Amino acid sequence: MITKQKGMIDITGETSKKWIYLNDAIRSVFEKYNYEFIRTPILEASELFHRGVGETSDIVTKETYDFKDRGDREVTLRPEGTAGVVRAYIENKMYGDAIQPKKLYYTGTMYRYERPQTGRLRELTQYGCEVLGSDDPAIDAEVISIPVSLFKLLGLKNVRVGINSLGDAKTRNDYHNALKEYFKEDIKNMCEDCQKRYDKNPLRILDCKVDGEKEIIKNAPKITDYLSTEAKERFETVQKYLDLMGIEYEVDTNIVRGLDYYDHTVFEVMADIPGMGAQNVLCGGGRYNKLVSTLGGPETPAMGFGGGLDRLLLAVESSDIKLDINNGIDAYIMYVSEDEKDYAVSLNLALRMNGFTSDMEYMSRNLKGQFKQADRFNAKFLIILNSEDIAQGKIKIKDNATKEEQLVSEADLIDFLDMNM
């Protein structure tokens, strides 16, 4: 038997219904915020992620699915959403559109070669947004408010935000120097990854999954102490807007995010989720004002976030939230004879074309078996066909809850269902 690859998933049954519900909820929230949907390819040139996500990030150094295609081109299965959206922004010259900033949202599968664990797979579905063209701190606050709104609408408890600022170029330069001085004597005792990061990007040491709980990292200098005057004022303005929106947040100087392209505002959104403990962070993002130019576009300020739909579903299930999922169909068509079946085939399509969810018998069950099938479908109405009724232009309908039966004329069937749904 051929089985799925490790870390990949099949989405079926009740899970697929929850999946669709969450996708619809995500789409609805983004559209309320006036964001436009964008779809980018799953497969991109490897250079896009190596330049965009960053050579020192764990995603690029350890987790990307890189390979050569049949044309000997270096390609990568997308590990995150931002770089592809930025590539599309540049390639399609969206910076020239009349409506600015460009506010785009996406959902789609991403691929990361990492050890599968609860809420973390090699094939993941990510949702997120990117706002390109505005450096307004109000955009930072708006982007942060989107997942907050989504999680609250879904019913998650104690939704809150952790924010930090990575500052501007001067801030980063001063802070990098301070970190190198701080870790100079102890870096030899830290993990191999941290030793590599020390020269390439010491900021990434603070995000280490191996040494992250050690006191030396916990006591490292805080970037907020090195913010330039302009960067500090900007960070305070973002907080002002969050206060005005009533969004609960806490400044957390340990938030640095795992990707190299961030500057200024970075954030994570979390909630109280039973059984998930420290794994309660549901999404994260930040500002990346240099990424567009890094990838060959014009200087363009940008802000965005990404979250995992797999983790969000796990959070909803762990919180015992009952989603308003319609687990039934409007009508189930039953018959015995071949003539009745012929009529059922045409009637089934007519119901569907008029907006009803319907189904019919396809397994040659007797009437008793068809009644059981209707109950499995949780059908609201049973349409029980017989040749005599059809000859008179009549259709028998049974309310599956009240068990009340009545004959309805064929011409009135759609109106009857409309009035009783």
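Heads up: the structure comes first, above all this text.
Residues numbered from 1 in each chain as written. Predicted model: local features only at pLDDT ≥ 70, side-chain atom pairs only at ≥ 80, totals over all residues. Heavy atoms only, no water.

Draft legend 1. The sheet that holds strand E4 (residues 74-77), seen in detail. Taken in spatial order, the three strands make up an open sheet running E2-E4-E3, and their pairing is antiparallel. For this open sheet the edge positions go to strand E2 (43-45) and strand E3 (65-68), each flanked by a neighbour on one side alone. Each strand axis lies, on average, 35 degrees off the axis of its neighbour in the sheet, ignoring direction. As judged from the three bridges shared by E2 and E4, these two strands associate in the antiparallel manner. Looking at E4, one finds that Ala45 is bridged to Val75. (Pairing = 2+ DSSP bridges. Helix = DSSP H or I, 4+ residues; strand = E, 2+ residues; numbered from the N terminus. Axes fitted to C-alpha atoms, helices over the stretch in contact; angles between N-to-C directions.)

Draft legend 2. Structural context of the sheet that holds strand E10 (residues 281-287). Spatial strand order, E1-E5-E6-E11-E10-E9-E7-E8: eight strands in an open sheet with mixed pairing. Edge positions in the sheet fall to strand E1 (36-37) and strand E8 (249-251), since each has one partner strand and no second. Bridging between E1 and strand E5 (residues 102-111) involves two bridges; their strand directions are parallel. Each residue of the ladder has a partner; that of Phe37, found in E5, is Tyr105.

Draft legend 3. Layout of the packing of aromatic side chains. Enumeration according to the criterion identifies twelve aromatic pairs in this entry. Their ring planes at 75 degrees and their centres at 5.6 Å tell us that Tyr65 and Tyr113 sit as a pair that is edge-to-face. Highlighted residues: Tyr65 in strand E3 and Tyr113 in the loop between E5 and strand E6 (123-132), separated in sequence by 48 residues. Tyr113 sits in the partly exposed class, given a relative accessible area of 43%. When the centroid spacing of 6.2 Å and the interplanar angle of 75 degrees are considered together, the rings of Tyr127 and Phe305 count as edge-to-face. (Phe/Tyr/Trp six-rings, centres within 6.5 Å; stacked < 30°, edge-to-face > 60°. Buried < 20%, exposed > 50% of the residue type's maximum accessible area, 1.4 Å probe, protein only.)

Draft legend 4. Region of the structure containing the packing of helix H5 (residues 137-154) against helix H9 (residues 229-244). Running from N to C, H5 and H9 cross one another at 50 degrees; their axes reach a closest spacing of 8 Å. In terms of axis orientation, H5 runs oblique to H9. Like other packed secondary-structure pairs, H5 and H9 cross with a definite hand, here right-handed. Contacts between H5 and H9 involve Pro137, Ala138, Asp140, Ala141 and Ile144 on the former and, on the latter, Arg234, Thr237, Val238, Tyr241 and Leu242. When its residues are assigned to classes, the contact of H5 with H9 shows seven nonpolar, one polar and two charged. (Parallel < 35°, antiparallel > 145°, perpendicular 65-115°, else oblique. Left-handed = near helix turned anticlockwise from the far one by under 90°. Contact = heavy atoms within 4.5 Å. Nonpolar A, V, L, I, M, F, W, Y, C, P; charged D, E, K, R; others polar.)

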